[in-house]
Amino acid sequence: MDKDQVASILSEIGVLLELKGENPFKTRAYTNGARVLEGLTESLETLVAEKRLGELKGFGDALQEKVATLVTTGRLPYYEQLKASIPPGLIEMLGIQGVGPKKVKRLHDELGIDSIEKLEAACKAGTVAALDGFGEKSQAKILEAIAFKRQFASRHRLVDALVVAEPVLEALRSHPDVIRCSTAGSLRRWKEVIGDIDFLVSSQSPAEVIGFFVSQPGVRSILAQGETKASVILGEGIQADLRVVGDAEYPFALAYFTGSKEHNIVMRQRAISRGLRLNEYGLFRSQEETRDPALRVVCHDEPEIFRELGLAYVPPELREDHGEFKAGEADALPRLVEWTDLKGSLHNHSDWSDGRNTLADIAARMDELGLEYWAITDHSRASYQANGLDEARMERQLTAIAEVNAAIADRGSDFCLFTGTEVDILKDGLDFDDALLERLEVVVASLHVPSGEEAENTRRLIAAAENPLVHMLGHPSGRLLLERDAYKVNLPAVIDACAATGTWIEFNASPYRFDLDWRLWHYAKSKGVRCVINCDAHRLEHVQWLRLGTGVVRKGWLTKADVINTQPLDRLRVELGRKRARAR
Ligand code: DGT
Ligand code: CA
Ligand code: CA
Ligand code: ZN
């Protein structure tokens, strides 16, 4: 266990003892001990090995013994028993701003409150204000802090985090004291849902950078502000952490704080097996934990760290311990698809169903952006709440699209608006007859009203894939991130059916969906199933989702060749005809 982990356990022990009403001298010994360890420049392992812990300020026998146990065994029974003796609700209550151990103890002793829920109820009933030393004002503050904690303790969609993180990163980048900076953590790895935002900066003037960071316009409140790190709440309640390091440490800190934890553990092991030590401060020629710059293996950037550990550079998206080490050793990591490789989107809506814009406006904008094609796949008749089209309206839309394409050609552009449908997968087949589907250039089949039975949903999706006129399955799990779980379905079986029939699977780039989940693309790809990165656009600005979706689907190891809509228009036409031709 390293010194920061030991320090954090010591300070937790201090808090737990205070909760129990222990004598303040004992409590303070742990809190001070934690602070001494945080500022330690020597290796803690060495101090323990040489039995020199007694040299540290305020380290009596009891504290020395506990630190030694933690460092050598990674565990401390005293701490575990102490923690187990306290109701977990009390520990959770400590997480409310302005509620420290003394207050928690009094709320528990005098009102029997042992959870956040009970505290909230008591505040609402007014009983907390009646306690000596609390009052109306502090009762209202506690209620506010509970609401606040709920909001920021939750998880957030990637897009919501990016929107608040990008301006802060831009600001940091332009600050004269910032040498290098980046996001780290799950945001840099393009996770579809994230906990908190992490920023990393290298600088020789950390105090200036920290001060600048906490005074950004997006900062709603400051949770902690130290000499080299700070935590704030941004925008709609998303926590953001900043760490400032020296420039020589920067690549190592970036690798460490990018994670994932699982990836870091393997990296650390690889270092150890080469007689080295890897931590957030560097890669060291050492058998034990250290941050001695004299022992540091010089790496100017992340690729050099990977090289030192016998690996090809692993892009952040792949750092999930999902096979990147085996592939990295063999220099067999994929060259991932880029959003700029995309030539259009094959699942989109217009104002003919539940989209916002007209066919002409959509075509004009996508052409102007330099895309080569865009499919209009409005809903079919069963999606009546989304103003789905019946056969007669479908017929009229075909004429309207032909007119738009003619006008585009008149302007001298090669851009193509494809006809199509997002046809509903019903209990007993598709919502349109084959005779109509055959006349549409792009057919997306989606399950919008699933059954409660896994076997039944799986059967319906497989039946849709088996229709030679269906090009791809839309949002195959039906999940809405942080809102609605996927319906029950055996996705590997669906993937197998798509592989067998030459059906593509959509990666729905809507930040509410990101469906099919990136974790399944590795399997789909191994079966030869091809991906279509679709915006499922309902407004012009949703075209931006091409960038977001590509970021997330890269986590599924996809290359340009794995994604159909990287093909230019003429090649795409050939691809669209392939499955149909095979069936004839
Ligand atoms: P999140 O915020 O829950 O979406 O996920 P991350 O991955 O951003 O996690 P976070 O913010 O707790 O920490 C950022 C990175 O720091 C994490 O990806 C890996 C590294 N890290 C944090 N704690 C540990 C740890 O205890 N062990 C190791 N090996 N790495 C850690
Ligand atoms: Ca994070
Ligand atoms: Ca964090
Ligand atoms: Zn849909």
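The structure this text deals with has already been given above.
Residues numbered from 1 in each chain as written. Chains lettered and ligands numbered in written order. Predicted model: local features only at pLDDT ≥ 70, side-chain atom pairs only at ≥ 80, totals over all residues. Heavy atoms only, no water.

1. Thoughts on the coordination of the calcium ion (ligand 3)
What counts here: Sodium, potassium and calcium take a 3.2 Å donor cutoff, other metals 2.8 Å, and in both cases only N, O and S atoms count; water is not among them, so sites may look incomplete. Strands are runs of DSSP state E lasting at least 2 residues, helices are runs of H or I lasting at least 4, and numbering of each runs from the N terminus. Relative accessibility under 20% of the residue-type maximum defines a buried residue, over 50% an exposed one, and the middle range a partly exposed one, all with a 1.4 Å probe and only protein chains included.
Note on the calcium ion (ligand 3): its protein donors are D196 (OD), D196 (OD), D198 (OD) and D241 (OD). The metal-donor distances range over 2.3 to 2.8 Å. Between the calcium ion (ligand 3) and the calcium ion (ligand 2) the interatomic distance comes to 3.7 Å, and D196 is a ligand of both metals. A residue pair is termed long-range when its members are at least 10 positions apart, and D196 in the loop between strand 3 (193–194) and strand 4 (197–202) and D241 in strand 7 (residues 238–245) qualify at 45 residues. According to the relative accessible area criterion, D241 is buried, its value standing at 11%.

2. Some thoughts on helix 20 (residues 454–466)
What counts is decided by this rule: Expected span, for any helix, means 1.5 Å times one less than how many residues it has. The arc in question is the one spanned by the directions pointing from the helix axis to the C-beta atoms.
Across its 13 residues, helix 20 extends 18 Å between first and last C-alpha, which sits within 8% of the 18 Å expected from 1.5 Å per residue. Those residues of helix 20 that fall on the buried side of the exposure criterion are N457, T458, R460, L461, A464 and A465. Seen from one end, helix 20 has its buried residues packed into an arc of 160°, which puts them on one side. In helix 20, the exposed positions that point more than 90 degrees away from the buried face belong to A455 and E466.

3. So, the environment of R180
How we decide: We call two residues in contact when some of their heavy atoms are within 4.5 Å. Between N or O atoms, a polar contact is any pair within 3.5 Å; within protein, one atom must be a potential hydrogen donor and the other a potential acceptor, and residues adjacent in sequence are included only when both atoms are from side chains.
Relative to the elements of secondary structure, R180 occurs in strand 2 (residues 180–184). When the C-alpha positions of R180 and L17 are compared, they lie 42 Å apart, and in sequence the two are 163 residues distant. Setting aside residues no more than four positions away along its own chain, R180 makes contact with L200, V201, S202, D247, Y250, P251 and H300. Among the polar contacts made by the side chain of R180, one reaches the main-chain carbonyl oxygen of H300 at a distance of 2.9 Å.

4. Remarks on the coordination of the zinc ion (ligand 4)
Looking at the zinc ion (ligand 4), the protein donor atoms are E422 (OE), H448 (NE2) and H475 (NE2), and they sit 2.0 to 2.3 Å from it. Sequence spacing among the residues donating to the zinc ion (ligand 4) works out to E-x25-H-x26-H. In this pair, E422 sits in strand 13 (residues 420–426) while H475 sits in the loop between strand 16 (472–473) and helix 21 (491–501), placing the two residues 53 residues apart along the sequence. Neither residue differs from the other here; E422 and H475 are each classed as buried.

5. Quick look at the environment of L162
Looking at the secondary structure, you find L162 in helix 10 (residues 158–174). A relative accessible area of 11% means that L162 is categorised as buried. In this structure the C-alpha to C-alpha distance between L162 and V443, which are 281 residues apart in sequence, comes to 32 Å. Residues contacting L162, with those up to four places away along its chain left out, are P167, L187, W190 and L548.

6. A look at the state of the cysteines
Our working definition: Throughout, a disulfide means two cysteine sulfur atoms within 2.5 Å of one another.
This model, assessed by the stated rule, comprises zero disulfides. Here C498 is not cross-linked by a disulfide; its sulfur's nearest cysteine counterpart is in C531, at 12 Å. Assessed through its relative accessible area of 1%, C498 is described here as buried.

7. Some details on the pattern of salt bridges
Basically, it comes down to this: By definition, a salt bridge exists where a carboxyl oxygen of Asp or Glu is found within 4 Å of a side-chain nitrogen of Lys or Arg.
Going through the model one piece at a time under the given rule, you end up with 43 salt bridges. Linking E22 and K26 is a salt bridge whose minimum nitrogen-to-oxygen distance equals 3.9 Å. Looking at E22, the relative accessible area reads 34%, which means it is partly exposed. A salt bridge links R411 to D367, with the shortest nitrogen-to-oxygen separation between them at 3.5 Å. Here the residue R411 occupies a position in the loop between helix 18 (391–410) and strand 12 (416–418), and D367 occupies one in helix 17 (residues 359–368), the gap between them amounting to 44 residues. Residues joined by salt bridges that share partners form a network here, namely E42, E50, R52 and E55.

8. A look at the sheet that holds strand 18 (residues 531–534)
Keep this limit in mind: When DSSP finds two or more bridges between two strands, those strands count as paired. Each axis is a line fitted through C-alpha atoms, taken for helices only over the stretch in contact, and angles between the N-to-C directions span 0 to 180 degrees.
Reading across the sheet, the six strands line up as 14-13-15-16-17-18 and stay open at both edges, with mixed pairing between neighbours. Sheet topology places strand 14 (429–430) and strand 18 at the edges, where each strand pairs with a single neighbour. Looking at chain direction, strand 17 (residues 504–508) and strand 18 are connected through four bridges and run parallel. Residue pairing for strand 18: E506 is matched across the bridge by V532. Packed onto the sheet, helix 23 (residues 545–553) meets strand 17 and strand 18 and runs at close to 140° relative to strand 18.

Purely spatial values, then, with no claim about function.
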